[in-house]
Amino acid sequence: MAKVMEGLYYSESHEYIRVEGEYGFIGITDYAQQALGAVVYVDMPEVDDEIEAGEEFGAVESTKAASELMAPVSGTVVEVNEALEDQPELINEDAYANWIIKVELSDKSELGNLMDAKAYEAFCEK
């Protein structure tokens, strides 16, 4: 069973966002990393790139497949997780500790379109 963390917001495309003030840390869920298998590469945007809710912002590649990363919210990229450039497998070790990008949120109301932990668990069980 995939791990789901309380206090995060989840998208139907299996990204999560952890909100801290005006910032959000975006990554893929434990469910997503299990489905992908061994992650071998993470394609990340550049700092200062704008991301739009529902739009692609990068990709995660595994030995099985490549999966587009879809932005759960809109904002400006303020940091990318550089550790993933050399160690993409960190996502398999702990998907929630190893976020992919940090964004400055442009519209916090977009969080209302995402699922909480309980709704995401139910979604994954379908």
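Heads up: these notes are all about the structure in this document. In this text the structure is predicted, and so the values were computed from the model without any measurement. The residue numbers shown here count from 1 along each chain, following its written sequence. Local features in this predicted model are restricted to residues whose pLDDT is 70 or higher, and side-chain atom pairs enter the listing and the counts only when it is 80 or higher, whereas totals over whole chains, interfaces and linings include all residues. Think of the side-chain values as coming from all heavy atoms in the structure, minus any hydrogens and water.

### Looking at the sheet that holds strand 7 (residues 66–70)
Reading across the sheet, the 3 strands line up as 4-6-7 and stay open at both edges, with antiparallel pairing between neighbours. In this open sheet, the two edge strands, each paired with only one partner strand, are strand 4 (39–43) and strand 7. When strand polarity is set aside, the average angle formed by the axes of neighbouring strands in this sheet is 20 degrees. Strand pairing is defined by DSSP finding a minimum of two bridges between the two strands. In DSSP terms, a helix is any run of H or I states spanning at least four residues, a strand is any run of E spanning at least two, and both are numbered starting from the N terminus. Strand direction decides the pairing type here: strand 4 and strand 6 (residues 56–62), joined by 4 bridges, are antiparallel. Considered in strand 6, the bridge of Tyr41 is made with Glu61. For helices, the fitted line uses only the C-alpha atoms of the stretch in contact; every axis is such a line through C-alpha atoms, and the angle between N-to-C directions lies from 0 to 180 degrees.

### Concerning the sheet that holds strand 9 (residues 101–105)
Two modes of strand pairing occur in sheets, parallel and antiparallel, and in both the strands are linked by backbone hydrogen bonds. Judged by pairing direction, the sheet is antiparallel, and its 6 strands sit side by side in the order 1-2-3-9-8-5 without closing on themselves. What marks the edges here is a single partner per strand, and that holds for strand 1 (9–10) and strand 5 (50–51). Pairing geometry for strand 2 (residues 15–20) and strand 3 (residues 23–28), over 6 bridges, is antiparallel. Counted as the bridge partner of Glu15 is Ile28 from strand 3.

### Considerations on unusual backbone geometry
One non-glycine residue, His14, lies in the positive phi region at around 70 degrees. Locating His14 in the fold gives a position in the loop between strand 1 and strand 2. Given the relative accessible area of 17%, His14 is considered buried. For the exposure calls, accessible area comes from a 1.4 Å probe over protein chains only, and a residue counts as buried if that area is under 20% of its type's maximum, exposed if over 50%, partly exposed in between.

### Some details on the nonpolar core
Within the largest apolar cluster, 26 residues are counted, with the highest numbers of intra-cluster contacts made by Ile100 and Ile101. Broken down by secondary-structure element, the contributors of at least two residues to this core are strand 3, helix 1 (30–36), strand 4, strand 6, strand 8 (75–80), helix 3 (90–93) and strand 9. It is strand 9 that provides the largest number of residues to this core, a total of 3 residues. Contact criterion: two residues are considered in contact whenever any of their non-hydrogen atoms come within 4.5 Å of each other. Once residues within four sequence positions are removed from consideration, Ile101 is found in contact with Gly24, Phe25, Ile26, Pro45, Ile51, Phe57, Val77, Glu79 and Val80. Definition of nonpolar core: a set of buried residues of the types Ala, Val, Leu, Ile, Met, Phe, Trp, Tyr and Cys, connected through side-chain atoms within 4.5 Å. Listed in part, the 11 residues of the second largest apolar core include Leu8, Phe25, Trp99 and Met115.

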